[in-house]
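This is what each chain is made of:
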Amino acid sequence: MFKAVLIEKDEAGYRAGLREIDDAQLPEGDVTVDVTYSTLNYKDGLAITGKGPVVRKFPMVPGIDLAGTVRESRHPDYKAGDRVILNGWGVGETHWGGLAQVARLKGDWLVPLPEAFTPRQAMAIGTAGYTAMLCVNALERHGVSPDKGEVVVTGAAGGVGSTAVALLSRLGYTVVAVSGRPEEADYLRGLGAAEILDRAAFSQPGKPLARERWAGAVDVVGSHTLANVCAAAKYRGVVAACGLAQGMDLPASVAPFILRGVSLIGIDSVMCPRAERLDAWGRLVRDLDPAKLDAITDEIGLTDVVATAERLMAGRVRGRVVVDVNR
Ligand code: NDP
């Protein structure tokens, strides 16, 4: 038997809670992992609270991320004792996920735990941090560099945002953080933000073009915020869009793209090819300051997951939350 968060949906409604589950109920897979840490991402919050249609099969163990040690493997690349991590691939959505003491998975989804990280650090990064790295990679691949000007990060006090601020400042960028939490200004400056702007200035309908300001942008918010970020991008500016915290819509005009040559780059972490994942994790080892990672991380136990997911959805969780699945 093992402990897990389980989401159920039936005549009694949609609910999530801690359960004891028999190993025999684990799904198909060629690798069984003893999970040590998982984490809470925005998508896990949507799944656990039922606020978004993330879960496609019930009952479901949520958790799009996990770190742990291989217990048994029929996959040629993994053997018992190997330390591994997993991000995405529909785990926690269509296949039982990481908010559990045990997971059974496809070995092809796994990535070896980078030697520089403990399992807890890897989960402090998690999908949010790895997505922030994919965004930074995308900006650089499309020509953004520190000398080109300011880079803006929206949803800055959240998980993706905090990691993006820490990464970009470490890489020498002038980072402007957009946040709805003025009380987190010192936190954001500590991560390396040069300036903090109120998200209210971004969240309403704006003009098709605004004063050119951003050489690059990491947007986790979508909707009017993303439209306004694009409208204020500099000539040939690059915007990496990965989230929908304000909304899934994009009420924008084509003006920034056809008049200023702005590029809007979509970022997906879930199905991201393995080579790019390995590259992103390699860069996280080099480019993320471990002290800043500590500063953005809080820890909870499996028993606190449901309550913390509610707080995450209410925008009251700062940075990243790691989950010790054995407490
Ligand atoms: P968090 O909840 O940790 O952070 C989201 C942040 O967005 C909040 O902290 C808040 O920042 C801001 N925010 C929340 N609601 C609003 C709103 N109504 N208007 C404007 N800003 C708002 O989530 P994550 O960092 O884990 O994820 C952020 C987004 O990125 C989510 O939409 C998630 O689905 C997406 N994502 C996408 C991935 C991909 O592969 N494409 C991977 C990972 C995440 P503040 O308090 O500073 O204002």
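Structure shown above.
Described in the following lines is the structure provided in the data block. Small disclaimer: the values here were computed from a predicted structure and weren't measured.

1. Side note on the overall build of the protein chain
Next, step 1: Each helix and strand counted, the protein chain has nine helices and 15 strands in total.
Next, step 2: Over its C-alpha atoms the protein chain spans a radius of gyration of 20 Å, differing by no more than 12% from the 20 Å that the globule rule assigns to 327 residues.
Next, step 3: Along the first, second and third principal axes, the C-alpha atoms of the protein chain reach 60 × 45 × 35 Å.
Next, step 4: Going through the 327 residues of the protein chain one by one, you find that 58% of them count as buried.
Next, step 5: Summarising the internal contacts of the protein chain: among those between residues at least 6 apart in sequence, 71% fall at separations of at least 24.
Next, step 6: Summed over its atoms, the accessible surface of the protein chain is roughly 13,600 Å², and 51% of this surface lies on carbon and sulfur atoms.
Next, step 7: Distance between charge centres in the protein chain, computed from 37 positive and 39 negative side chains, equals 4 Å.

2. A short note on a nonpolar patch on the surface
Next, step 1: Taken together, Tyr42, Leu244 and Met248 make up a surface patch of nonpolar side chains, about 330 Å² in accessible area.
Next, step 2: Among the secondary structure elements, methionine 248 is positioned in the loop between β12 (233–241) and α6 (255–259).

3. Quick word on helix α2 (residues 119–141)
Next, step 1: Approximately 65° is the largest bend angle found in α2, and it occurs at glycine 126.
Next, step 2: Counting buried positions along α2 yields 19 of 23 residues, so the element is predominantly enclosed.

4. Thoughts on the site of the ligand
Next, step 1: The local shell around the ligand holds 23 residues, among which Val160, Ser179, Gly180, Arg181 and Ser269 are the closest.
Next, step 2: At 3.4 Å, a backbone N or O of glycine 158 approaches an oxygen atom of the ligand.
Next, step 3: If the ligand stood free it would expose 920 Å²; the protein chains cover 87% of that surface.
Next, step 4: At the level of elements, α2 and α3 (159–170) are the ones that each hand at least two residues to the shell around the ligand.
Next, step 5: Of the residues that constitute the shell around the ligand, the class distribution is 10 nonpolar, 10 polar and three charged.

5. Some thoughts on helix α7 (residues 274–287)
Since there are 3.6 residues in each turn of an α-helix, residues three or four apart along the chain are aligned in direction.
Next, step 1: Compared with an ideal rise of 1.5 Å per residue, which puts 14 residues at 20 Å, α7 spans 20 Å between its outermost C-alpha atoms and is within 8% of the ideal.
Next, step 2: Every buried residue of α7 is listed here: Arg277, Ala280, Trp281, Arg283, Leu284 and Asp287. In an axial view of α7, the angular spread of the buried residues amounts to 160°, which keeps them on one side of the axis. Residues Ala275 and Arg286 are exposed on α7 and point more than 90 degrees away from its buried face.
Next, step 3: Those residues of α7 hidden inside the fold are in contact with β5 (83–87), β7 (111–112), α2 and α3.

6. Some remarks on the pattern of salt bridges
Next, step 1: Here the structure, examined in full by the defined rule, presents 17 salt bridges.
Next, step 2: A salt bridge links glutamate 150 to arginine 213; the nearest nitrogen and oxygen atoms lie 2.8 Å apart. One end of the pair, glutamate 150, is in the loop between α2 and β8 (151–153); the other, arginine 213, is in the loop between β10 (193–198) and β11 (214–219), with 63 residues separating them in the sequence.
Next, step 3: Residue class for glutamate 150 comes out partly exposed when judged on its relative accessible area of 22%.
Next, step 4: With a closest N to O distance of 2.9 Å, aspartate 287 and arginine 283 form a salt bridge. Here aspartate 287 pairs with arginine 283, and both are found in helix α7, just four residues apart, close to one helical turn.
Next, step 5: Take aspartate 287: its relative accessible area is 12%, and that puts it in the buried class.
Next, step 6: By relative accessible area, arginine 283 is classed as buried at 10%.

The rules behind these values
- Residues numbered from 1 in each chain as written.
- Predicted model: local features only at pLDDT ≥ 70, side-chain atom pairs only at ≥ 80, totals over all residues.
- Heavy atoms only, no water.
- Helix = DSSP H or I, 4+ residues; strand = E, 2+ residues; numbered from the N terminus.
- Rg over C-alpha atoms; globule rule 2.2 N^0.38 Å.
- Buried < 20%, exposed > 50% of the residue type's maximum accessible area, 1.4 Å probe, protein only.
- Contact = heavy atoms within 4.5 Å.
- Areas by Shrake-Rupley, 256 points an atom, 1.4 Å probe, with all protein chains shown as cover.
- Lys, Arg positive; Asp, Glu negative; His and termini not counted.
- Charge placed at Lys NZ, Arg CZ, Asp CG, Glu CD.
- Patch = residues over 30% accessible without salt bridge, like charges linked within 9 Å, V, L, I, M, F, W, Y side chains within 5 Å.
- Salt bridge = Lys/Arg side-chain N within 4 Å of Asp/Glu carboxyl O.
- Bend = angle between axes of the 7 residues up to and from the residue.
- Near = heavy atom within 4 Å.
- Polar contact = N/O pair within 3.5 Å; in protein donor to acceptor, adjacent residues only side chain to side chain.
- Nonpolar A, V, L, I, M, F, W, Y, C, P; charged D, E, K, R; others polar.
- Expected span 1.5 Å × (residues − 1).
- Arc of directions from axis to C-beta.

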